[in-house]
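Structural overview for review
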Amino acid sequence: MGIWIDISQRLDENVAVWPGDTPFSYKVNWSKVESGSVNVGQINMSLHTGTHIDAPFHFDNDGKRVIDLDLDLYIGNATVIHLPNKTSIGVNELSNLDLQGVTRLLIRTDAWKNRSVFPQTIPHIQPELAAYLSELGVRLIGLDLPSVDPLDSKELSAHHELAGHKIHILEGLVLDEIGPGNYELAALPLPLVEADGSPIRAVLKKLP
Ligand SMILES: N[C@@H](CC(=O)c1ccccc1NC=O)C(=O)O
Ligand SMILES: [Zn+2]
Ligand SMILES: [Zn+2]
């Protein structure tokens, strides 16, 4: 029997945030002394911090919110592939891999080395990859990066093309120790009704 491997970033004040975005904070807002019985904490964070999902509303005002997302996307078999040293990821980079029937595809790029600092540049997903992945049956793509688009992109072409092909997005995974292969994935968003994204606790278990 396999064990669950945590592929989530830890959430504390060292977690990197998008430049200019809300820093992560946790505090005991009502202490045991004050309340007489319990510590009651409070967190303040951007929903695009650490390991998280994007809801389509993040980049489309008419897009689905977190509560509308199908939970099936985030639990089930996933395939991990390793694509280090790429400037971008497109059909060419995947053409020698057999991905037929893969529903959830996790890409380990190793490009975000120091996770307490936001990266300067990242390999991005070429928008054309969306159509190719959807033909294969992919419904969820996950990366060890803070975005699927170039960090300075305002158009967010990869986000839009993926959404247009019904492929959902998981960002900020920690795949440093994960070899290529087939796994069971659980990475559920919180039941945030209006939100554009959600932190997740993502875990993998190797399939035999
Ligand atoms: N699209 C990014 C997030 C993003 O663009 C962003 C996140 C927080 C604060 C500002 C952002 N973009 C600003 O141009 C993502 O994929 O999560
Ligand atoms: Zn995001
Ligand atoms: Zn995103």
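Rules of the game
Residues numbered from 1 in each chain as written. Chains lettered and ligands numbered in written order. Predicted model: local features only at pLDDT ≥ 70, side-chain atom pairs only at ≥ 80, totals over all residues. Buried ≥ 20, exposed ≤ 12 C-beta atoms within 10 Å, placed from the backbone. Helix = DSSP H or I, 4+ residues; strand = E, 2+ residues; numbered from the N terminus. Arc of directions from axis to C-beta. Contact = placed C-beta atoms within 7 Å. Pairing = 2+ DSSP bridges. Near = placed C-beta within 6 Å. Nonpolar A, V, L, I, M, F, W, Y, C, P; charged D, E, K, R; others polar. UniProt positions renumbered as here; feature names shortened; annotations may be inferred. Core = buried A, V, L, I, M, F, W, Y, C linked by C-beta atoms within 7 Å.

Structural notes on helix 3 (residues 129-136)
When helix 3 is considered as a whole, its buried residues turn out to be L129, A130 and L133. Looking straight down helix 3, one finds that the buried residues subtend no more than 100 degrees of arc, so they occupy a single side. Looking at the buried positions of helix 3, the neighbouring elements they touch are strand 6 (88-89), helix 2 (91-94), strand 7 (104-108), strand 8 (124-125), strand 9 (140-143) and helix 4 (157-164).

Quick look at the pairing of strand 2 (residues 25-30)
Counting buried positions along strand 2 gives zero out of six residues, so the element sits mostly on the surface. Inspection of the sheet shows strand 2 paired to strand 3 (residues 40-44) by five bridges, in the antiparallel sense. For S25, the partnering residue across the bridge sits in strand 3 and is N44.

Description of the site of ligand 1
Ligand 1 sits among W18, D21, S46, H48, D54, S147, L156 and E171. In the shell around ligand 1, the residues fall into two nonpolar, three polar and three charged.

Description of the UniProt feature "binding site: substrate" (unreviewed entry) in the chain
UniProt records the feature "binding site: substrate" (unreviewed entry) for W18 in the present numbering. By secondary structure assignment, the location of W18 is in the loop between strand 1 (5-6) and strand 2. Using a count of 13 C-beta atoms within 10 Å as the deciding quantity, one classes W18 as partly exposed. Contact partners of W18, with chain neighbours within four places excluded, come to S46, H48, F118 and P146.

What about the nonpolar core?
Core analysis: the largest hydrophobic core is formed by 39 residues, its most contacted members being L105, L106, L133, I141, L162, I167 and L173. When neighbours within four sequence positions are excluded, L105 is seen to be in contact with T79, I81, L99, L133, V138 and I141.

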